[in-house]
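# Fold and geometry: a report
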Amino acid sequence: MWLHHTAPILPKPLEIHAKNRGMIPMRDLVRTFAKIGCLGFGGPAGQIALMHKILVEEKNWISDARFMHALNYCMLLPGPEAMQLATYIGWLLHKTWGGIVAGLLFLLPGFFIMLALAAIYAQYHKAPLVAALFFGLKPAVLVIVVEALLRIGKRALRTPAAYKLAALSFICIFFLGVPFPIIVLAAGAFGYVGRDTAFKAAPVPEKTATDKESVIDKMMTENNLNHASPLFARPLGTLFDWLAIWFTPLLLSYYYFGSNHILSQIGAAFSKLAVVTFGGAYAALAYVAQMELIPPPDMLNGLGLAETTPGPLILVLEYVGYLAAYKPHGHLFGLAGATLAAWVTFAPCFLWIFLGAPYVEQARHNKALAASLSAITAAVTGVILNLAVWFALHTLFAKVEPFKQTGITLYKVSQPDPAAIAIAAIAALCTFKFKWNLLATLGLCAALGLALKLV
């Protein structure tokens, strides 16, 4: 009898996991989103524009149409839309871990910088070096926001109806003080009503031989994007996991310190904010002001710090958490307060994305939804213009006094700041004329601020 042993033929390790991996290596995703996190100045407008430039234009990881669809969904969610967009794109590329890595890398640079600045502010109250740096950075950030506004407007405002809706949105929020959620809901209703007329989705142009398929579209073609289908979603498991992640630190604070301790108050207050703050950092600060966790002057200074650091503007809540816990208990509890504030602010963002994204991807070709989201994007362009104008007033003028006349909010400005105007002009030349990159422009303006204030 012949004994014949045949060794089992095993697939190569790369073949085993090929369909479970993204089309790009995880290390590339880490490197790219770390770069975005470090360069994410200018608030949501600048951050979204930066992601579009890197992920759509330079790397072609995601198509412009899918990018805008994801952005429209994130605009509907409470919390920082730019961070949620980063999480969404990371999830498309590398499933849940890709979303977690992209979202955290988008946040962490700003988190650590804001933590350091909050500690400096709490200890010294006035930091001349930091103030000088920010004096130079603010005009540069203003120019970056304007450039981002132009870039986003070019994509979002493609019809006369979109221009009119953006203008109406600006008038409502800037002059009439209409709450942001109402603007979003009204714009969505406009889009739905006009789905067959003013906001009818444009036909998708046929691809030419020179068009290059994006990485995510290629993943779809090769059946590597199954996790983006509702058939593979785990809604109950996702809900349970992320609710546990969200509330565990808060429950521990209640258990060890009691409900009246400042850490428990911070966790509870900012968990509520995470659900209702559709207006971003400015809306969040309006809620925080009512809680009286820190004095109004400290809050305004925190917003100024957040405006000139990378990451979401809503990181200002981390600063509020630090100061609120520092004043009664010192720096160690300040660190705990800042970390808890950031945790309960951003953990829900991962929940919204991982729970809803599969269904949003499935609805990409729903005409009514597409029309509503397109109208919302147009309206949000007007809201971003509002932020740009508000930022310009408070950057270029030393004195800005709002007043009401027949129910309309107007502003009386005086004492223009020649130095800030000069730095803004230099930043505009670097950005629009000489096409400098973001880091070079910010570095030059920071150096000019230091020279003007400290030399």
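Residues numbered from 1 in each chain as written. Predicted model: local features only at pLDDT ≥ 70, side-chain atom pairs only at ≥ 80, totals over all residues. Heavy atoms only, no water.

The next point concerns the overall build of the protein. Looking only at helices and strands, the protein features 18 helices and two strands. Sorting the 455 residues of the protein into buried and exposed places 50% on the buried side. Carbon and sulfur atoms form 68% of the exposed surface of the protein, whose accessible area is close to 22600 Å². (Helix = DSSP H or I, 4+ residues; strand = E, 2+ residues; numbered from the N terminus. Buried < 20%, exposed > 50% of the residue type's maximum accessible area, 1.4 Å probe, protein only. Areas by Shrake-Rupley, 256 points an atom, 1.4 Å probe, with all protein chains shown as cover.)

Let us look at helix α16 (residues 367-396). Here α16 contains 30 residues, and its C-alpha end-to-end distance of 43 Å stays within 8% of the 44 Å for a straight helix at 1.5 Å per residue. Most of α16 sits out of view: 21 of its 30 residues are buried. (Expected span 1.5 Å × (residues − 1).)

With that settled, consider the side chain of Gln47. Mapped onto the elements of the fold, Gln47 is located in helix α3 (residues 43-58). Within polar-contact distance, the side chain of Gln47 engages the backbone oxygen of Gly40 at 2.9 Å. The contacts of Gln47, once residues within four sequence positions are left out, are Gly40, Phe41, Ala82, Phe106, Gly311 and Pro312. (Polar contact = N/O pair within 3.5 Å; in protein donor to acceptor, adjacent residues only side chain to side chain. Contact = heavy atoms within 4.5 Å.)

A few words now on the state of the cysteines. Scanning all chains against the criterion turns up zero disulfides. Counting only cysteine sulfurs, Cys74 is the nearest neighbor of Cys349, a cysteine outside any disulfide, at a range of 9.3 Å. (Disulfide = S-S within 2.5 Å.)

Let's shift gears to the packing of helix α6 (residues 128-156) against α16. Their axes nearest at 10 Å, the elements α6 and α16 cross at an angle of 165 degrees. Judged on the interaxial angle alone, α16 and α6 are roughly antiparallel. The handedness of the crossing between α6 and α16 comes out as left-handed. Packed against α6, whose contacting residues are Lys138, Pro139, Val141, Leu142, Val145, Leu149, Ile152, Gly153 and Ala156, the element α16 presents Thr377, Thr381, Ile384, Leu385, Ala388, Phe391, Ala392, Thr395 and Leu396 at the interface. Split by residue class, the contact of α6 with α16 holds 13 nonpolar, four polar and one charged. (Axes fitted to C-alpha atoms, helices over the stretch in contact; angles between N-to-C directions. Parallel < 35°, antiparallel > 145°, perpendicular 65-115°, else oblique. Left-handed = near helix turned anticlockwise from the far one by under 90°. Nonpolar A, V, L, I, M, F, W, Y, C, P; charged D, E, K, R; others polar.)

Here the phi dihedral of Thr406 falls at roughly 50 degrees; this positive angle occurs in a residue that is not glycine. Along the polypeptide, Thr406 turns up in the loop between β1 (397-405) and β2 (408-416). Here Thr406 falls in the exposed class, since its relative accessible area comes to 75%. With phi around 55 degrees, Gln415 is a residue other than glycine that occupies positive phi space. Take Gln415: it is sitting in strand β2.

This part takes up helix α7 (residues 160-174). In a regular helix each residue adds 1.5 Å, so 15 residues correspond to 21 Å; α7 covers 21 Å between its end C-alpha atoms and thus fits that length. If you check which residues of α7 are buried, you get Ala162, Leu165, Ala166, Ser169, Phe170, Cys172, Ile173 and Phe174. Taken together, the buried residues of α7 touch α6, α8 (180-193), α16 and β2.

This paragraph deals with the side chain of Thr409. You can see Thr409 is positioned in strand β2. Overall, Thr409 belongs to the buried group, its relative accessible area being 14%. Of note is the side chain of Thr409, whose polar atom sits 2.9 Å from the side chain of Lys404. In contact with Thr409, other than residues within four places in its own chain, are Phe174, Phe175, Pro402, Phe403 and Lys404.

Tallied over the full model, the rule gives five salt bridges. Here Arg158 ties to Asp64 by a salt bridge, and the two come within 3.7 Å at their closest N and O atoms. With Arg158 in the loop between α6 and α7 and Asp64 in helix α4 (residues 64-75), this pair connects stretches of sequence that are 94 residues apart. One salt bridge in this structure joins Arg234 and Asp241, with 3.9 Å as the shortest N-O distance. For Asp241, a relative accessible area of 34% gives the class partly exposed. (Salt bridge = Lys/Arg side-chain N within 4 Å of Asp/Glu carboxyl O.)

The biggest cluster of nonpolar side chains holds 135 residues, and the ones touching the most others in it are Phe33, Phe270 and Tyr319. Among the elements that make up this core, the one with the highest residue count is helix α5 (residues 81-124) (21 residues). Residues within four places of Tyr319 in sequence aside, it is in contact with Met114, Ala118, Tyr121, Ile294, Asp298, Asn301, Gly302 and Leu305. (Core = buried A, V, L, I, M, F, W, Y, C linked by side-chain atoms within 4.5 Å.)

With that settled, the discussion passes to the packing of aromatic side chains. Taken as a whole and judged by the stated rule, the model has 16 aromatic pairs. Ring centres of Tyr88 and Trp91 lie 5.7 Å apart, and the angle between their planes is 75 degrees; on these two criteria the pair is classed as edge-to-face. With a gap of three residues between them, Tyr88 and Trp91 both fall in helix α5, about one helical turn apart. Trp91 carries the same exposure label as Tyr88, and that label is buried. Centre to centre, the rings of Phe174 and Phe175 are 4.9 Å apart; their planes meet at 85 degrees, and the pair counts as edge-to-face. Taken together, the ring pairs connect Phe170, Phe174, Phe175 and Tyr411 into an aromatic cluster. (Phe/Tyr/Trp six-rings, centres within 6.5 Å; stacked < 30°, edge-to-face > 60°.)

Let us look at the confidence of the model for the protein. On average, the protein scores 83 in pLDDT, and the residues at 70 or more come to 87%. Counting contacts from residues 1-22, a segment whose pLDDT is below 50, to residues more than four positions away or on other chains yields eight contacts. (pLDDT = per-residue confidence, 0-100.)

A word on the packing of α3 against α4. Across the interface, α3 lies against α4 with an axial gap of 11 Å and an inter-helix angle of 150 degrees. In terms of their interaxial angle, α3 and α4 are classed as roughly antiparallel. Note that α3 runs across α4; the crossing there is right-handed. Residues Ile48, Met51, His52 and Val56 of α3 touch α4, and the partners they reach there are Asp64, Phe67, Leu71 and Met75. Tallied by class, residues from the contact of α3 with α4 come to six nonpolar, one polar and one charged.

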